[in-house]
Amino acid sequence: MPFSILPKEYGFFDFFDQHAVKCLEGAKLLQDMIGNIAEAEFFAKRLKDVEHEGDEITHRTVETLHKTFITPLDREEIHQLISRMDDVLDLIDAGGQRVFLYGIKETTAEAKELAEVLVKATHQVKIAVTGLRTLKDPTNVLTACVEINRLENEADSVLRRAMARLFRESTDPIELIRWKDVYEFLEGSSDRCEDVANIVEGIVLEHA
Amino acid sequence: MPFSILPKEYGFFDFFDQHAVKCLEGAKLLQDMIGNIAEAEFFAKRLKDVEHEGDEITHRTVETLHKTFITPLDREEIHQLISRMDDVLDLIDAGGQRVFLYGIKETTAEAKELAEVLVKATHQVKIAVTGLRTLKDPTNVLTACVEINRLENEADSVLRRAMARLFRESTDPIELIRWKDVYEFLEGSSDRCEDVANIVEGIVLEHA
Amino acid sequence: MPFSILPKEYGFFDFFDQHAVKCLEGAKLLQDMIGNIAEAEFFAKRLKDVEHEGDEITHRTVETLHKTFITPLDREEIHQLISRMDDVLDLIDAGGQRVFLYGIKETTAEAKELAEVLVKATHQVKIAVTGLRTLKDPTNVLTACVEINRLENEADSVLRRAMARLFRESTDPIELIRWKDVYEFLEGSSDRCEDVANIVEGIVLEHA
């Protein structure tokens, strides 16, 4: 391709794809950690690495944005999308670090459920974001966004059940503090996936 | 009016009005819940319905925004305003859900005070937002914004008193966790009203 | 200078400088409070005053922004920068108020470390923001931003150590709640300094 007037255009879609891979990777590590609490330190370290890799992609996206004159989406849309994706991974990492730092020894059924929903939600984020390349047929993108919304409702429902049980059954206040925090980070991560879906839907509507 | 060049223009003001009604309704439900803790489950369900209705209005606003070429306010202003109003209702709902999920059995004087300030603040939000239709005479709008700021200071002052008493007098750590969280959601909701007031003041200044 | 086509242009840089001074002042008051817990009430009052002074500067910046036709930076950049600086001071104040309201009686080594890192970070924010006046030589600005990022990593590392010790050694759950919250506010304040650095870096890149 010797002549290119808009050489960097599709680079942004590559960045989105790469970051979505990191979000899914982070969610899977958190799920593995919650299924193997005894190995929490090992998974916390790997998760922190993935979060740094996500930061790096975000940083390069913003830098490229400032250097690019003609962008395939509105500048603000690109900035919002990568920022909200970064929020997803930040929260996944924050939750995972707390599982380790709080010295949690045993897992709970609700933590496993929340982690599973989160893995599904980040998988749908990957589908939605990858679909942005071909906006002329946005069916897959919108289906993924609807599914992310459904998953967030599911996460919210698990969180409510988890919290009600925690406050009903806990006798150790420090154990309650540990799980209350971790549950909120787990559900919050799915909630951040919904923010990404909202940005993506906005982009689809704008370019329909 | 047989001819309309900008047919959708005033629809945005209708959305703002409708959402403000939901915010006030939510605040009143939360106040009723706090005054009737034994009925918390009933009020929590109604509050969740109101929150979903607010979500629906927000979603239609954003969708309409993407489909409208000429808007009565800057696109960014419309998006910011409805998003910040949605944050108010989200936080009111989150606080109410916790009163129920945490299994709170008895109310406190400070919770009643915070709920009352919140009802007043959402009432002023309604006045401010409704006044945006007639920007040529923004006196009422700005008076409401000043009042929202005063109410947020009042909420902050009640919160400080409530927290100081909680940490001074509590002997049951789990009860302290319950109320600390609920107080923060209650005061946070008034704080979000102030964010709405800031957006509204910006719109008034921009169109003065 | 009898003729001025853009009379208000440099006023924005004055506002940034003034707010940065308040952020640094707030961080130093918080550090003093943590070193003199018995005087917490005195420092909490002074900190609240400084926070109000910061609010006032933010308010005047936004008001001026709405009245100014030609701005030295993008309007959005000015709004983002002053808002993120205000978030720094808000969080410093919120942390300080909690030290007082929670009735904390004794300090910890980690709180002192976090306060020291925060003073350094707000000092670098001041250097970065002041440097925005002379964007043709942004070396000092970018060096300060890199240093803010390094300090935030340091704060994060102290927080992790502090949290791990808190959950490992605490026997009094209410004391754990107190310090968990205060540590998070202290580290969060350094985190907000990084948000300011990101905005500043974006401005430098945009005007390079």
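Quick notes on the rules
Residues numbered from 1 in each chain as written. Chains lettered and ligands numbered in written order. Predicted model: local features only at pLDDT ≥ 70, side-chain atom pairs only at ≥ 80, totals over all residues. Heavy atoms only, no water. Least-squares fit on C-alpha atoms with pLDDT ≥ 70 in both. Contact = heavy atoms within 4.5 Å. Buried area = accessible area lost by both parts, 1.4 Å probe. Salt bridge = Lys/Arg side-chain N within 4 Å of Asp/Glu carboxyl O. Polar contact = N/O pair within 3.5 Å; in protein donor to acceptor, adjacent residues only side chain to side chain. Helix = DSSP H or I, 4+ residues; strand = E, 2+ residues; numbered from the N terminus. Expected span 1.5 Å × (residues − 1). Buried < 20%, exposed > 50% of the residue type's maximum accessible area, 1.4 Å probe, protein only. Nonpolar A, V, L, I, M, F, W, Y, C, P; charged D, E, K, R; others polar. Phe/Tyr/Trp six-rings, centres within 6.5 Å; stacked < 30°, edge-to-face > 60°.

Draft legend 1. Broad picture of the relation of the copies chain C and chain B. You can overlay chain C on chain B at an RMSD of 0.0 Å; the transform is a turn of 120° with a shift of 0.0 Å along its axis. What the rotation and shift describe, once combined, is the action of a three-fold rotation axis. Among all residues of chain C, the one whose C-alpha sits closest to the rotation axis is Pro 173 of chain C, at a distance of 3.7 Å. Little of the interface of chain C is mirrored in chain B, where only 13% of its interface residues again form contacts.

Draft legend 2. Expanded view of the interface of chain C and chain A. Taken together, the 15 residues of chain C in the interface contact 15 residues of chain A. Surface buried jointly by chain C and chain A totals about 1,400 Å² across both partners, of which 62% is contributed by carbon and sulfur atoms. It is Arg 160, Phe 167 and Leu 205 of chain C in chain C that bury the most area against chain A; as a group they hold 43% of the surface buried on that side. Our enumeration of links across chain C and chain A arrives at 2 salt bridges. A salt bridge links Asp 181 of chain A to Lys 180 of chain C; its shortest N-O distance comes to 3.1 Å. Remark: the boundary between chain C and chain A carries 4 residue pairs in polar contact (both at pLDDT 80 or more).

Draft legend 3. Representation of helix H6 (residues 173-206) of chain B in the model. All names here are of chain B. With 34 residues, H6 should cover 50 Å at 1.5 Å per step; its first-to-last C-alpha distance of 49 Å lies within 8% of that length. Buried residues dominate H6, accounting for 26 of its 34 residues. N-cap assignment for H6: the residue whose side-chain oxygen lies 3.0 Å from the backbone N of Ile 174 is Asp 172.

Draft legend 4. Examining the interface of chain C and chain B more closely. Listed as interface residues are 15 residues of chain C and, on the opposing side, 15 residues of chain B. Buried surface at the junction of chain C and chain B, summed over both partners, amounts to about 1,400 Å²; 62% is from carbon and sulfur atoms. When residues of chain C are sorted by the area they lose upon contact with chain B, His 66, Leu 101 and Ile 174 of chain C head the list and together hold 42% of the total. For Glu 184 of chain B, the salt bridge goes to Arg 98 of chain C, with nearest N and O atoms at 3.7 Å. For the pair chain C and chain B, the interface holds 4 residue pairs in polar contact (both at pLDDT 80 or more). Tallied by class, the residues present in the side of chain C that touches chain B amount to 6 nonpolar, 3 polar and 6 charged.

Draft legend 5. Inspection of the relation of the copies chain C and chain A at higher detail. Here chain C sits on chain A after a turn of 120° about the axis and a move of 0.0 Å along it, with an RMSD of 0.0 Å. Looking at the interface residues of chain C, only 13% of them are also at the interface in chain A, so each copy uses its own face.

Draft legend 6. A look at the packing of aromatic side chains. Applying the stated rule across the entire model yields 12 aromatic pairs over all chains. Ring centres 6.2 Å apart and planes at 80° place the aromatic pair Phe 13 of chain A and Phe 16 of chain A in the edge-to-face group. One end of the pair, Phe 13 of chain A, and the other, Phe 16 of chain A, are both in helix H1 (residues 11-35), 3 residues apart, so they sit about a helical turn from each other. Side by side, Phe 13 of chain A and Phe 16 of chain A carry an identical accessibility label, which is buried. Here the aromatic rings of Trp 179 of chain B and Tyr 183 of chain B are separated by 5.3 Å at their centres, their planes lie at 35°, and the arrangement is tilted. Of the two residues, Trp 179 of chain B and Tyr 183 of chain B are both situated in helix H6; the distance of 4 residues between them amounts to about one turn of the helix. Take Trp 179 of chain B and Tyr 183 of chain B: they sit in the same class, and that class is buried.

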